[in-house]
Amino acid sequence: MSEKNLRIVLAARPAGWVDPSNFRLEETPVPVPGEGEVLVRVRWLSLDPYMRGRMNEGRSYAARVELGEVMVGGTLGEVVASRHPGFAAGELVVGHLGWQRFGVAPAKALMKVPDPRLPETAWLGAAGMPGVTAWMGFREIGGLVAGQTVVVSSASGAVGSVAGQLAKIAGCRAVGIAGGAAKCDYVTKELGFDACVDYKAGPVHESLKAACPGGIDVYFDNVAGEILEAVLRRVNARARIALCGLISGYNGEDIPIRNVFSLLVNRVRLQGFIVSDRMDLWPEAIRELAGHVGAGRIRYRETITEGLESAPASLVALLKGENFGKRLVRVS
Ligand SMILES: NC(=O)c1ccc[n+]([C@@H]2O[C@H](COP(=O)([O-])OP(=O)(O)OC[C@H]3O[C@@H](n4cnc5c(N)ncnc54)[C@H](OP(=O)(O)O)[C@@H]3O)[C@@H](O)[C@H]2O)c1
């Protein structure tokens, strides 16, 4: 193939905030698939907060990216060449080929796009990993009960927007928490949440009290920190908290929690989860989410930047909270 591969590798580990200088753009030959492997031309790269953790020296729940290695990332692309009977050139596949134009993966690490009627990017968003994360948090920990109040932080984001809409579909009262009036307007007017608290506009506790007069039964937590503390002041007996993300502390600071007393007094169940813990549930989740997206019951917004070269600055923007909806890079 005369074309070259373009890829972005981790050049230096960040200390604190990620900076575009932590990455390096490289041109390499297009990789050649081995027996049982598939060569994919990446069309879309998903940018997600977990990428920050993979840049660190220490080990988290998943392996770090080594210096000089291609940055990890979920992708959607087109099969260019296949050495596996289950895949053919031209098919669209979801995988983890990372920040590069071409990638090779074993066939078992790829999923064919299940339904061509959905927009391609939905498979990296509401009907992909972020959507499955929302679904899993309720399935495994939160439990959705019609009539109960469900609070979701980072409510305009890729995971939070789906979480709130799943709560509405289940007949719950959905209350979002988001930064700024524009995000809150979107959450209530376009996504159909019952209320949204702008945590940047004043004390969260006061606004939560007004938005949740009957208390909080389920909290889908994407941020931890002060917002979790405020929620703990409003939880009902036997509330469930699905701890999905800690975005208020992704730069490495520890995150203290106050109001722990409430956990005991209210018999609250607080549990963390990782979306990959239950891979056996993914097909069911994706089927359900794709059905909701296809029927217009789950809506979403995307922030798209153009070209692989835009990925570093776009990830920085995501990590600094300048994000609205699912963040994607159009690679080719
Ligand atoms: N457990 C799992 O398996 C799993 C899987 C996927 C994602 N996650 C986690 O789920 C959370 C949401 O992910 P996402 O992809 O949907 O991201 P996202 O919500 O689309 O984007 C990040 C958002 O976080 C909010 N935010 C709140 N506090 C912030 C702070 N101190 N600094 C920066 N941003 C802040 C910002 O929205 P506001 O302006 O509204 O604050 C920002 O737009 C993340 O914590 C992620 O790590 C967990």
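Residues numbered from 1 in each chain as written. Predicted model: local features only at pLDDT ≥ 70, side-chain atom pairs only at ≥ 80, totals over all residues. Heavy atoms only, no water.

Right, let's talk about the overall build of the protein for a bit. Within the protein one finds nine helices and 15 strands. Against the compact-globule benchmark of 20 Å for 332 residues, the protein has a radius of gyration of 20 Å, which places it among compact chains. Considering only C-alpha atoms, the protein reaches an extent of 65 × 45 × 35 Å along its principal axes. Partitioning the intrachain contacts of the protein with sequence separation of at least 6 by distance along the chain shows that 67% fall at a separation of at least 24. Carbon and sulfur atoms form 53% of the exposed surface of the protein, whose accessible area is close to 14500 Å². Side chains of the protein give 38 positive and 34 negative charges; the mean places of these two sets differ by 4 Å. (Helix = DSSP H or I, 4+ residues; strand = E, 2+ residues; numbered from the N terminus. Rg over C-alpha atoms; globule rule 2.2 N^0.38 Å. Contact = heavy atoms within 4.5 Å. Areas by Shrake-Rupley, 256 points an atom, 1.4 Å probe, with all protein chains shown as cover. Lys, Arg positive; Asp, Glu negative; His and termini not counted. Charge placed at Lys NZ, Arg CZ, Asp CG, Glu CD.)

The parts lose accessible area when they come together, and the size of an interface is often stated as this lost area. Structurally, the protein comprises domain 1 (4-123 + 301-330) and domain 2 (129-276). Computed over C-alpha atoms, the centres of domain 1 and domain 2 are 29 Å apart. Taken together, both faces of the contact between domain 1 and domain 2 bury some 1100 Å²; the carbon and sulfur share is 60%. Connecting domain 1 to domain 2 are one salt bridge. Glutamate 190 is the partner of arginine 301 in a salt bridge, and the nearest nitrogen-oxygen pair spans 3.7 Å. Here domain 1 is connected to domain 2 by four residue pairs in polar contact (both at pLDDT 80 or more). Considering only residue class, the side of domain 1 that touches domain 2 consists of six nonpolar, four polar and four charged. (Domains from an automatic or database assignment. Buried area = accessible area lost by both parts, 1.4 Å probe. Salt bridge = Lys/Arg side-chain N within 4 Å of Asp/Glu carboxyl O. Polar contact = N/O pair within 3.5 Å; in protein donor to acceptor, adjacent residues only side chain to side chain. Nonpolar A, V, L, I, M, F, W, Y, C, P; charged D, E, K, R; others polar.)

The subject of this paragraph is empty space enclosed by the protein. Applying the stated criterion to the full structure yields one cavity of 30 Å³ or more. Size it by volume and the largest cavity reaches roughly 40 Å³. Lining the largest cavity, in full, are Gly125, Ala126, Ala158, Ser161, Tyr300, Arg301, Gly325 and Lys326. Residues of the lining of the largest cavity, tallied by class, amount to three nonpolar, three polar and two charged. (1 Å grid on protein atoms, 1.4 Å probe; cavity = no way out; pocket = protein on both sides within 12 Å on 5 of 7 lines; lining within 4 Å. Points joined across faces, edges and corners; volume = space filled by probe spheres on them.)

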